[in-house]
Amino acid sequence: MAAPVPPGASRPSGNAPPLNYNYNPNLPRNYPDSLADNMQNLQLNSLPPSVIPNSRPGPPPFPSAAPLSSPYPGVSPPISRPLGSPALASMPRAAPLTGPPPAAIAPNAIPPVTQPPPFTSRPASTHFLAGPTSLQSGPVVPPLGDRPGAFSSSSPLVGPSVPSSSGSGPVSNGPPVFGSGAPTGGPRFPLAGGTQQTPGVGPSPPTMLSARAPSHPPTMRSFLGTPVSTAPPGSMGQPAPPFAGSVQGVPPQSGSPYGSRMWQMQQQQMVPPVPGSAQSPRMFGMTPPLPNQSMASIQPAMDQSGAPMTGPSKIDPNQIPRPVPTSSVILYETRQGNQANLPPPATSDYIVKDTGNCSPRYMRCTINQIPCTSDLLTTSGMQLALLVQPLALPHPSEEPIQVVDFGESGPVRCSRCKGYMNPFMKFTDQGRRFVCNLCGFTDETPRDYICNLGPDGRRRDADERPELCRGTVEFVASKEYMEGPRTLVGIATFDSTIHFYNLKRDLQQPLMLIVPDIQDVYTPLQTDVIVQLSECRQHLELLLENIPTMFQTNRTADSAFGAATKAAFLAMKSTGGKLLVFQSVLPSVGMGALSAREAEGRTNISAGEKEAHKLLQPVDQTLKTMAIEFAEYQVCVDLFITTQNYVDIASISVIPRTTGGQVYYYYPFSALSDPAKLYNDLRWNITKPQGFEAVMRVRCSQGIQVQEYFGNFCKRIPTDVDLPGIDCDKTIMVTLKHDDKLLDGSECAFQCALLYTTVYGQRRIRVTTLSLPCTSMLSNLFRSADLDSQFSCLLKQAAIEIPSTPLSQIREQVTNVCVNILHSYRKFCATVSSSGQLILPEALKLLPLYTLALVKSTGLRTDGRVDTRSVWINYVSSLSTPLAIPLVYPRMLAIHVLNSEELEGSLIPPSIPLSSEHVSDSGIYLLENGNDAFIYIGNSVAPDIMQQLFGVPSVDQIPTQFVLQQFENSLSKKLNDVVNEIRRQRCSYLRLQLCKKGDPSGMLFFSYMVEDKTPGGLSYVEFLVHIHRQIQSKMS
């Protein structure tokens, strides 16, 4: 009997189908004008495409017996996020623009590597609802007629292109300039200069912190399920983004269509994760590890005689764990040797080969070995949860998700639990029956799906069927394809009344239709205000050009936000789609009107926060009731808030959160420096991969069940979440609980099924499956914990609590989560007996640092505005796992050293610890958290550096409303390159703010120095001492 072959592995003698690594799942063949242009739509400073040489696909990262070329049709370049042209009005509910839908796999034929559709919406209407006040100061949208195809050579620019060597004068990196040059495309992955490495899979040496601390332990409280985290040793670098790209403004080398160098790779053998089988290099000057131990400890600080120092804190600051930056690219196979491999950190750069388990980009578990009992999980103190990002963008070098069409019968499913066919279902009786890996039920195999089994027990066609060898696959749900383009658009404006616009082609110009009733709203001439784009393009462009001047003299201060949103919904109720609302003042009249309750609550804020958190709750249920109705009719709402005042985000954000949308917040809005950010956010919102009319459900193996879902959605039944909109940036957290014991050594499977509509009108089911081993050993839980997802859970659960719990209580709970996890490890897993050492599990050695950063974060600080905290809560709600840690522990870089020889060959300088002792008064620093970026300038910066970077000799001469420009010198160019590279990595046009020492902006910058002692918080060293004291107290 031959040895069993793991799911997805090539059969030794197999005829595995050729795999195509150079494939774009977003760009169906025959649809050249795809809306899913990815990062083309995040515009940065760069060279026009005309100077970029033609490029070709590079070699695959995983050499295999299968040739690269495919005999099957439907092949296209790999997906990336290049920069390119906008598609303002062609939004949700778009159908295929030309040609037939992509071919799919017949149920009884060898499946070709076909084209997954763009992850986008149902054929829908795109609607723009704008308050006149916000439009006056916003950017003018380029005419839609100027939008070229997905791969054309020109597009409007946001932020001018990099000047040629002969150019002179400053070039703005700020507000949009609608020219003809297009920015270069680049992937979000730093491919150049990195060496491959495989993720660490064995235990690592200890990191011990030793200390004594004053302070009494706080009252212990269990917190929301106690999250934890882990990462391969040494791999937790600075909050590096999920993707990065080439040096901005430098033409890519030939061989890569993504603007960055490809690298020669040799696949490295990855050791299966056998506990205790390997050791990583020691870090922080630590003592050698004990056998079979994966932990970290920090020794006491020593005095000049070599004896431990006495005093309240004896931790050596040079030994404390910090993120270790790495530029290596990790090649990761999801399974090997018939068992799951530990995933690389979410913040690292990795390329996935799906060999049975899904990519961790799509679904990641907080612990990569599942505890057999709920008692074991409780003892660990950790949270068991899934972070699901079903439409996440893959790396350009990864295989595409394959589409399978089973015809009228639909995908093969378990008749009991309705789970979808996946690599872990076991076939018996010569393939005539299959056993569900989720519920254990045995089903008859459909007659046309039967195939003989090989000597290894696998079907002989397993490697030829994506659903039997891949962790992620997409099934065709129906044959109801839309024919021809059906992009529908409508525009309304509002102040104290609502104005619709008749865009019919037979009119000489758009006709304004006014709706004065803002209590019982209606939509006039519904068929005329939502019109096919092909029939109204000329009128639409004319209207967009005229709106800023139409309301130039408008002095109406009232805003009928609720009524206008409801009226727009009524206009698009029959089709569904996406509604974009632009708001700049507090909604004050009509249905859903709000009052300035922030001022009313100030006395409560000063009185110990007793009632302050109520300002973070919606004022009533009016807007929530509206939002549920929107979700029922598949309308997704996004809010763009451009304001300088309180607008009650807590109340109005209920609408996007319930409908799968998002809040974009620009405060205080600057008509000089913010239009570029607004334009790019709007552009990416419309063109990023997305789906509509979606329903999602997660199924688990027997013994585990879903406890709760968290994210931006509407839930009408306990098992499913309704998502009027879902896109590549949004994540849903799924908490899990035991309902029975699991068998040690068995595997526990999780399957996420997302039914959604693409922008081409095709119904698809994206099925993502993850199978992990079960364990009864506590040490295995700590060894396989995932730091990024554990912390992401902690962050999200803290955000959920903020509107209903005093902040001081949440900070205490967050700290207790960290203490409980580390106490469990110290008590049950560590063998080092010295009570003077703080012992940390290797995978979680950075958990105290990130816990401290969360305690000091915007959401949990007592200072700050109510709206700012509400925005933070909303941002965290759907935040992806790779961005969770950077949000609270940002990346800080030294800008004044960009020209130094040590940085030669490296675009982004190494990150600096977030401590003011690392900030020099003669330096310039950039700090970014994935959403905002701050440039801090010290008081003693050399005038020549100031002149090179900002065009003035002193910091006092820089205008308050700062727009980064590029001057003709290498330092200025490198700063712009760094900013653009970070924007590409974060897939966000980061808002740049200038910070000066001695004014409020400087205080804002230093508020991110989370390792410092603050009036209301401990320093990092003090926090470690505090944690250690808590653990010692619990031990005794």
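Quantities reported herein were computed from a predicted structural model and do not represent experimental measurements.

Student: I keep staring at the overall build of the protein chain and nothing clicks. Help me out?
Tutor: If you tally the helices and strands in the protein chain, you get 22 helices and 38 strands. Evaluated residue by residue, the protein chain yields a buried proportion of 63% over its 1036 residues. Residue pairs in contact within the protein chain that sit at least 24 positions apart in sequence constitute 80% of those at least 6 positions apart. Surface accessibility of the protein chain: about 36000 Å² in total, with carbon and sulfur atoms responsible for 52%.

Student: It is not clear to me how the side chain of threonine 805 should be interpreted in this structure. Could you clarify?
Tutor: In this fold, threonine 805 is placed in the loop between helix H14 (787-801) and helix H15 (807-828). What makes threonine 805 buried here is its relative accessible area of 6%. When sequence neighbours within four positions are dropped, the list of residues in contact with threonine 805 reads His613 and Ile810.

Student: How should I be thinking about the packing of H14 against helix H16 (residues 847-855) in this particular structure?
Tutor: Each pair of packed helices can be summarised by the angle the axes make with each other and by the distance between the axes. At a minimum axis distance of 11 Å, the contact between H14 and H16 shows a crossing angle of 25°. Judged by the angle between their axes, H14 and H16 are roughly parallel. Between H14 and H16 lies a crossing whose hand is right-handed. Contacts from Leu787, Phe791, Leu794, Leu795 and Ala798 in H14 reach Leu847, Tyr850, Thr851 and Leu854 in H16. Counted by class, the contact of H14 with H16 contains eight nonpolar, one polar and no charged residues.

Student: How do you make sense of the sheet that holds strand E12 (residues 363-365) when you look at a structure like this?
Tutor: Backbone-to-backbone hydrogen bonds pair the strands of a sheet. The strands run either parallel or antiparallel. The strand order across the open sheet formed by four strands is E12-E14-E30-E28, and the pairing between neighbours is antiparallel. Pairing within the sheet leaves two strands with one partner each, and these edge strands are E12 and strand E28 (704-710). Between one strand and the next, the sheet's axes are offset by a mean angle of 25°, whatever the strand orientation. Inspection of the sheet shows E12 paired to strand E14 (residues 385-388) by three bridges, in the antiparallel sense. Counterpart to arginine 364 in the pairing with E14 is leucine 387. Helix-sheet contacts for H14 involve E12, E14, E28 and strand E30 (732-738), and the interaxial angle to E14 is about 90°.

Student: Please explain the pattern of salt bridges as it appears in this structure.
Tutor: In the structure shown here, the tally under the stated rule is 34 salt bridges. Ionic pairing is found between aspartate 461 and arginine 459, a salt bridge with its closest N-O pair at 2.9 Å. The exposure class of arginine 459 is buried, given its relative accessible area of 3%. Notably, a salt bridge pairs glutamate 467 with arginine 465, separated by 3.5 Å at the nearest N-O pair. As far as the burial class goes, glutamate 467 and arginine 465 line up, both buried. One continuous salt-bridge network, built from bridges that share partners, spans Asp429, Arg432, Arg433 and Glu444.

Reading guide: rules and limits
Residues numbered from 1 in each chain as written. Predicted model: local features only at pLDDT ≥ 70, side-chain atom pairs only at ≥ 80, totals over all residues. Heavy atoms only, no water. Helix = DSSP H or I, 4+ residues; strand = E, 2+ residues; numbered from the N terminus. Buried < 20%, exposed > 50% of the residue type's maximum accessible area, 1.4 Å probe, protein only. Contact = heavy atoms within 4.5 Å. Areas by Shrake-Rupley, 256 points an atom, 1.4 Å probe, with all protein chains shown as cover. Axes fitted to C-alpha atoms, helices over the stretch in contact; angles between N-to-C directions. Parallel < 35°, antiparallel > 145°, perpendicular 65-115°, else oblique. Left-handed = near helix turned anticlockwise from the far one by under 90°. Nonpolar A, V, L, I, M, F, W, Y, C, P; charged D, E, K, R; others polar. Pairing = 2+ DSSP bridges. Salt bridge = Lys/Arg side-chain N within 4 Å of Asp/Glu carboxyl O.

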